[in-house]
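Architecture and fold: a report
Residue-level listing of the chains:
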Amino acid sequence: MSRHSDDHYWILETQTSAYVFGLNQHGRLVHAYWGPRLPRRSDYPPPPDPPGLSSFDPADTCTPEEYPAAGGTRYGEPCLKVSFPDGARSTDLRFISARQDDDTQGWVITLRDAVYPLWVELHYRIHSQLDLIERWVVLRNTGPHPVTVERVFSAVWHLPRFETGCRLSHLAGRWADEFRLVREPVYDGTKIIESRRGTTSHQASPWFAVDSGCAAEDSGPVWFGTLAWSGSWKICAEQPPRAAPRISLGINDWDFALQLSPGERYAAPPCLAGYTPGGFGAASRALHHFIRARLPHAGAAHKILYNSWEATLFDVDEASQKQLAEIAAGLGVELFVLDDGWFRGRRSDSAGLGDWQPDPLKFPTGLGGLAGYVNQLGMDFGLWIEPEMVNPNSDLYRAHPDWVLHYPQRPRTEARNQLVLNFARADVQEYMIETIDRLLNSAPIAFIKWDMNRNFSEPGWPAAGERQREIWLRYVEGLYRVWGELAHRHPQVTWQSCSGGGGRADLAVLRLADQIWTSDNTEATARLRIQEGFSQLFPAAVMEAWVTDMGAPLIPLEFRFHAAMCGSLGLGGNLLHWTGAERETARRLIAQYKDIRAVIQSGDQYRLRSAQENAFSALQYTAPDGSEAVLFAFRTFLPEPAEIPVLHLRGLDPGALYLVDGFSQPRSGLAWMLDGLHLELGNFCSTLRRIYKIED
Ligand code: GLA
């Protein structure tokens, strides 16, 4: 890593990339370069200072500013939009100073409005080994009057001008169909992807990758990034006419207004971006490394869990869960999770949320009886909760009807018969911290699945008066506070982020949770596609995947296992109905997963053939030291006669000798990668092959 600055010109170099900006001749802070690291400092271009083309295409709009604020003749997407008390709605940011920040290995650039005492700090942190740059922004109002911030994005990322046009990759979806990878050209204008739902969402993910249309999985320049935020967010991919494209992102400004009182400061969430010449796969691996290293329990292997949700739904009680626990323990399961249905009044999704005490009819001795039994069987005990929600049919709601998001004169729209507790309120936060803290103290609970089964509606916060539109921000900050405090008080607990599947999957929640429940869709062939989309951003270690009864008997148990073994393995089928032979298969594959999980959960992932595009797909995980690897291949339905393509392995030591399960002849890493290997697989069949380095 290195960083240099002279003449108000900043070069942020990572191991192989560089990000450069500076002051142009008009004193504007502008972006100059982002791409491969160049041999000499003089190689980087000067800060651009484009002249205007006409009164309709003025210089302000043509200049790639590092942090454009709405004002003057700027007509593109701004990062900042502020209203001042005298009615002025434009901001004129001027460079004030720059300082090196030794904590972040980067720079802090301070800007200030030319007239009003509004300060903007641009923070840059370099993650040199991963070729990533992290940016965030701090606003400060040092004046005597409040100002209203109507948009505060975390960054804009300026891209090169591609001769072939700009292609955007992003993730789209819906409930039970999350993380569908979309690649599409960005035409002149602005493409917006966003969540307005109060949470990250199933429908879109705060992640992008951009290329010239020529990058592939293993090659080609890719620029990519993500936002660390679990509330509403927005990405604007802009292709101005005849100019370089750019991507700006941050908290969604829809229905948003933040009041900065005199003396107040606000730090917007960080975003992370990188450049790689190594294609989409290398981009994903950089993000995987970054995420894995920062998980709350980084490095710890995830336990294989059993969860009976799909098998028993709300019909849980101590006796029947004990019966399932006995079978699960016999198969080699390490963590037994009690899902929805365990608390007071919960017989269906129409009642009980908010009343977080064990149902006395289902669990007469509390949770301690089941948890103790599970521990005796040699497993940890885990529990499902949904702290942000309340059913109108609950004691909590009857006592505090004003604690939910609402507009006093409007009906409260229910989804899944539930309303959203206003986590922006300090009293709600305190109540929930104490309630869940008591719950965690009541039994030996080692794992919590934290769910959120609906999005916002009527986002009113009557008590906040003029600051109501801060709800989008304060709710999420409240969530982080409650969850953070509970995690602090209970460091032994592993947390999983769930929102009806993968509705809350982002870098910020992964500072609290070690895992994400990927999707409520557990049908293995659908999962292959969902998991591939998920892997664009997230590593296998955080991807909780269950073997269930969905798709059986068409999809064999072994296939269902293999699909789930590509992430953090769990079981969710009705074990009572599994035959002796099925249990034997499960025992064998669970034992095998224990052997390979270190490679899967902390190795490098290579998407050899896309499940999104092909009925024959394959994935490989390679140990960080290249000493071993695991290959999974899946065939769904290919009409006969089918030709199964050769697979080229990845990430092996080219000169070392490797043995691949099922092949008698050891070959060099280079041979397996270049010449590849051929597998025979029938329809709806899968295979798992271990790869061993036998000689350096
Ligand atoms: C959500 C989760 C499921 C399950 C149910 C319980 O849908 O994604 O896994 O926990 O809630 O109600």
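Nothing here was measured: the structure is a model prediction, and the numbers come from that model.

Considerations on the packing of aromatic side chains
Aromatic rings in a pair are described by how distant their centres are and how their planes are angled relative to each other. Considering all chains together, one arrives at 36 aromatic pairs under this definition. With a centroid separation of 4.6 Å and an interplanar angle of 20 degrees, the aromatic rings of F21 and Y124 are classed as stacked. Taken together, the residues F21 in strand β3 (residues 17-23) and Y124 in strand β8 (residues 118-127) connect sequence positions 103 residues apart. Residue F21 shares its accessibility class with Y124, and that shared class is buried. Positioned over the ring face of F290 is R294, at 3.8 Å from the centre of the ring. Over the aromatic face of Y373 sits the side chain of K322, whose NZ or CZ is 5.2 Å from the ring centroid.

A short note on the nonpolar core
One finds L80, W342, F538 and F561 to be the most contacted residues of the largest nonpolar core, which totals 187 residues. Not counting residues up to four positions away in its chain, the partners in contact with W342 are V316, W356, Q357, P358, D359, F363, L367, L383, W384, I385 and L439. Counting 22 residues, the second-largest nonpolar core is a separate cluster that includes A633, L647, L649 and L681.

Comments concerning the site of the ligand
Taken together, the neighbourhood of the ligand is formed by 13 residues, with D339, D340, K449, D451 and D520 sitting nearest. Between an oxygen atom of the ligand and a side-chain N or O atom of D340, the distance comes to 2.6 Å. Within the side chain of W517, an N or O atom sits 3.4 Å from an oxygen atom of the ligand. Here the ligand loses 97% of its free accessible area of 310 Å² to cover by the protein chains. Grouping the constituent residues of the shell around the ligand by class yields four nonpolar, three polar and six charged.

Details of the packing of helix α9 (residues 524-534) against helix α10 (residues 557-565)
Following both chains from N to C, one finds α9 and α10 inclined at 15 degrees, their axes separated by 9 Å at the closest point. By the angle between their directions, the pair α9 and α10 is classed as roughly parallel. In this structure, α9 meets α10 at a crossing whose hand is left-handed. Each of A524, T525, L528 and Q531 in α9 lies in contact with α10, whose residues at this interface are F559, R560 and A563. For the contact of α9 with α10, a count of residues per class yields four nonpolar, two polar and one charged.

Points about unusual backbone geometry
The linkage connecting A552 with the following residue, P553, adopts the cis geometry, with an omega of 5 degrees. Relative to the helices and strands, P553 is located in the loop between β29 (543-547) and α10. The amide bond that connects E640 to the next residue, P641, takes the cis arrangement and shows omega of -5 degrees. Residue L313 is not a glycine yet carries a positive backbone phi of 45 degrees. In this structure, L313 sits in the loop between α3 (309-312) and α4 (318-331). Overall, the relative accessible area of 43% leaves L313 in the partly exposed class. Unusually for a residue other than glycine, F684 sits at a positive phi of about 55 degrees. Looking at where F684 falls in the secondary structure, it is placed in the loop between α12 (669-674) and β36 (685-695).

Here we look at α10
A large share of α10 lies buried, amounting to eight of its nine residues. Listing the buried residues of α10 in full gives L557, F559, R560, F561, H562, A563, A564 and M565. Tucked into the core, α10 has its buried residues touching α9, β29, β30 (568-571), α11 (580-602), β33 (628-635) and β36.

Scoring rules and cut-offs
Residues numbered from 1 in each chain as written. Predicted model: local features only at pLDDT ≥ 70, side-chain atom pairs only at ≥ 80, totals over all residues. Heavy atoms only, no water. Phe/Tyr/Trp six-rings, centres within 6.5 Å; stacked < 30°, edge-to-face > 60°. Helix = DSSP H or I, 4+ residues; strand = E, 2+ residues; numbered from the N terminus. Buried < 20%, exposed > 50% of the residue type's maximum accessible area, 1.4 Å probe, protein only. Lys NZ or Arg CZ within 6 Å of the ring centre and 35° of its normal. Core = buried A, V, L, I, M, F, W, Y, C linked by side-chain atoms within 4.5 Å. Contact = heavy atoms within 4.5 Å. Near = heavy atom within 4 Å. Polar contact = N/O pair within 3.5 Å; in protein donor to acceptor, adjacent residues only side chain to side chain. Areas by Shrake-Rupley, 256 points an atom, 1.4 Å probe, with all protein chains shown as cover. Nonpolar A, V, L, I, M, F, W, Y, C, P; charged D, E, K, R; others polar. Axes fitted to C-alpha atoms, helices over the stretch in contact; angles between N-to-C directions. Parallel < 35°, antiparallel > 145°, perpendicular 65-115°, else oblique. Left-handed = near helix turned anticlockwise from the far one by under 90°.

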